[in-house]
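# Descriptive analysis of the structure
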Amino acid sequence: MGARIGVGLLGLGTVGGGVASILLCPDERHPLVHDLNLVSVAVRDLTRSRAVQLPDDILTSDPAEVVNNPEVDVVVEVIGGLEPARTLILQAIHAGKSVVTANKAVIARHGQEIAEAAAKAGVYVLIEAAVGGGIPIIEPLKQSLGGNRINRVSGIINGTTNYILTRMAEEGVAYDVVLSDAKELGYAEADPAADVDGLDAADKIAILASLAFGGSVDRSAIPTQGISQLEGVDVQYASQLGYGVKLLAVAERMAETGEPLPLSLRVQPTLVPKDHPLAGVNGVNNAILVEGDPIGRVMFYGPGAGAGPTSSAVVADILNIAGIRKASEGASGQVDPLLAAGSWRQCVLVDAGQIRQRHYVRFNTKDAPGVIGKIGECFGERGVSIQSIVQLNASSAGAEIIVITHEVREQQMNDALRAIQALSEVSGLAAHHGCL
Ligand code: HSE
């Protein structure tokens, strides 16, 4: 056995408990896991009973004790939330310790500040667990796909909403019941709004974009729509038309080149053709489709949330740091630039009106002669090409008209929708989602 690497854990919840379980049972794992020594663990409540049994003398209710413990080489932050997590990460860096974190909210907003502090201190901040749970996606973007020019990253990156959408579609179970199951299974965030309103997915796509395109993006400028407004009827109609509905996060380049590089990012419920690889991603699973030159399309698929998958990713990062330390014992102040993944350019998000995609819309209308023609004219006059248009549920009370468009700029689509809503035959826009 070589020199042991001291690990300090901030948080012993779902993910922290999973990490501790792996570190306490190293047998039959990589030999380097034997060299990881869990020396200090900060918990909120020392008296609480927990699934993982740890010696009392390594538990503390003061996170600063973990961060400042001289025996701790790597600080693992799994408490979540913005503060005190951000401050503790920065304190650990300033104390010369590498950090492993699953905290997408902090990295999406303060990733640049943290990466700069880490580079200055000559330490690593690794974030494999922040996106996609157990799926290796951060390291592939940083290293394995490094020779590609990335054009687009898209995917299902929130396990809770995918679990909810899958059970609603397959079993017709009510939204509230499924959400409470997701919480019990340890998938959902403490505040479920982060999941169902798309905020968690927006954090994650901001992180993926910054790695794929080489510069941080403005998290607050990402157009974000969750699933709380999604109606079961649209899931059914989509299915009749040959689509599944997924909460999709997308980041794509909007120019061949540029400084800053223009990007388009969005999160929204999106119709996915049933034969598309993302359509078969169900339950808590996540999948990320990366499109690059010369690789083409590559998809990463697996469990996107929960104790086991997330702690698998955390421990992989701890091992990366342990491996580097072992390799460079004696040397200091130099980090591997690929693994550290600092920015190498500036990126800027284009105005939301410039985003190009296909759309699904459902109008409530009168069942009168010529309505479909007038709707078609409103679209046509603004350059919006229709892929399919169907009328459903026509009765004396009215009708529902569903339109799927070809790819169109958001601005054109919004102009057409305004014109259509002004038609006397149209009583309302009942649903509006993206479509792959
Ligand atoms: N709440 C998150 C999800 C956990 O459902 O995907 C993993 O980040």
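Preceding this paragraph is the structure being described.
These lines cover the structure that appears in this document, whether it is placed above or below. The model shown is predicted, which means the values in this text are computed figures rather than measured ones. (Residues numbered from 1 in each chain as written. Predicted model: local features only at pLDDT ≥ 70, side-chain atom pairs only at ≥ 80, totals over all residues. Heavy atoms only, no water.)

## Some words on the side chain of Thr365
Following the sequence through the fold, Thr365 ends up in strand β13 (residues 356-365). Residue classification places Thr365 among the buried positions, given a relative accessible area of 4%. Not counting the four nearest positions on each side in its chain, Thr365 is found in contact with Val371, Ile375, Gly398, Ala399, Ile401, Glu425, Val426 and Ser427. (Helix = DSSP H or I, 4+ residues; strand = E, 2+ residues; numbered from the N terminus. Buried < 20%, exposed > 50% of the residue type's maximum accessible area, 1.4 Å probe, protein only. Contact = heavy atoms within 4.5 Å.)

## Things to note about the nonpolar core
Within the largest apolar cluster, 80 residues are counted, with the highest numbers of intra-cluster contacts made by Ile93 and Leu208. Of the residues forming this core, the biggest block, ten residues, is contributed by helix α9 (residues 199-213). Leu9, Leu38, Val41 and Tyr124 belong to the second-largest nonpolar core, a separate cluster that totals 35 residues. (Core = buried A, V, L, I, M, F, W, Y, C linked by side-chain atoms within 4.5 Å.)

## Let's talk about the pairing of strand β4 (residues 74-77)
Looking along a regular strand, one sees side chains alternate from face to face of the sheet. In β4, alternate side chains face the same way, and those of Val74 and Val76 on one face and Val75 and Glu77 on the other are all buried. Pairing geometry for strand β1 (residues 5-10) and β4, over four bridges, is parallel. Its bridge partner lying in β4, Leu9 is registered against Val76. By the bridge criterion, four bridges tie β4 to strand β5 (residues 98-101) in an arrangement that is parallel. Residue Val76 lies in a different strand from β5, and its bridge partner there is Val100. (Pairing = 2+ DSSP bridges.)

## Side note on helix α6 (residues 159-171)
Its 13 residues give α6 an end-to-end C-alpha distance of 17 Å, which sits within 8% of 18 Å, the value for a rise of 1.5 Å per residue. Within the sequence span of α6, burial applies to Gly159, Thr160, Thr161, Asn162, Tyr163, Ile164, Leu165, Thr166 and Arg167. Those residues of α6 hidden inside the fold are in contact with β7 (149-156), α7 (175-184), α8 (193-196), β8 (243-253) and β10 (285-293). Looking at where α6 begins, the residue whose side-chain oxygen comes 3.3 Å from the main-chain nitrogen of Thr160 is Asn158. (Expected span 1.5 Å × (residues − 1). Polar contact = N/O pair within 3.5 Å; in protein donor to acceptor, adjacent residues only side chain to side chain.)

## As for helix α3 (residues 85-94)
Side chains that are three or four residues apart share a direction in an α-helix, a result of its 3.6 residues per turn. Inspection of α3 places Ala85, Leu88, Ile89, Leu90, Ala92 and Ile93 among the buried residues, and these make up the whole buried set. As for α3, its buried residues are in contact with β1, α2 (63-68), β4, β5, α4 (104-121) and β6 (125-126). A positive phi of about 85 degrees marks Gly96, the residue just after α3.

## Brief notes about the side chain of His276
Mapped onto the elements, His276 comes out in the loop between β9 (261-273) and β10. Engagement of the side chain of His276 in a polar contact is seen with the backbone nitrogen of Leu278, the distance being 3.0 Å. Apart from residues lying up to four places away in sequence, His276 is in contact with Leu289, Arg297 and Leu436.

## Some points on empty space enclosed by the protein
One pass over the structure, following the stated rule, counts two cavities of 30 Å³ or more. Residue composition of the lining of the largest cavity, by class: seven nonpolar, one polar and no charged. Its volume calculated, the second largest cavity comes out at about 30 Å³. Looking at the lining of the second largest cavity, the elements that each hand over two or more residues are α5 (138-144) and α11 (307-327). Here the lining of the second largest cavity gets three residues from one element, more than from any other, and that element is α5. For the lining of the second largest cavity, the residue count by class is four nonpolar, one polar and four charged. Shared between two domains, the lining of the second largest cavity holds at least three residues of each, these being domain 1 (5-134 + 307-342) and domain 2 (138-303). (1 Å grid on protein atoms, 1.4 Å probe; cavity = no way out; pocket = protein on both sides within 12 Å on 5 of 7 lines; lining within 4 Å. Points joined across faces, edges and corners; volume = space filled by probe spheres on them. Nonpolar A, V, L, I, M, F, W, Y, C, P; charged D, E, K, R; others polar. Domains from an automatic or database assignment.)

## Concerning the site of the ligand
The environment of the ligand is made up of Lys104, Asn158, Gly159, Thr160, Tyr187, Glu189, Asp195, Asp200, Lys204, Gly304 and Ala305. Between the ligand and Lys104 there is a distance of 2.6 Å, counted from an oxygen atom to a side-chain nitrogen or oxygen. Asn158 places a side-chain nitrogen or oxygen 3.4 Å from an oxygen atom of the ligand. Computed on the free molecule, the ligand has an accessible area of 250 Å², of which 93% lies beneath the protein chains in the complex. Looking at the shell around the ligand, the elements that each hand over two or more residues are α6 and α9. Partitioned by chemical class, the residues of the shell around the ligand number two nonpolar, four polar and five charged. (Near = heavy atom within 4 Å. Areas by Shrake-Rupley, 256 points an atom, 1.4 Å probe, with all protein chains shown as cover.)

## Some details on the sheet that holds β4
Strand order in the open sheet formed by six strands is β3-β2-β1-β4-β5-β6, and the pairing between neighbours is parallel. Of all strands in the sheet, those with a lone pairing partner are β3 (59-60) and β6, marking the two edges. The strands touched by α11 within the sheet are β1, β2 (36-42), β4, β5 and β6, with β5 carrying the most contacts at an inclination of about 165 degrees. (Axes fitted to C-alpha atoms, helices over the stretch in contact; angles between N-to-C directions.)

Any link to function would need more than the numbers given here.
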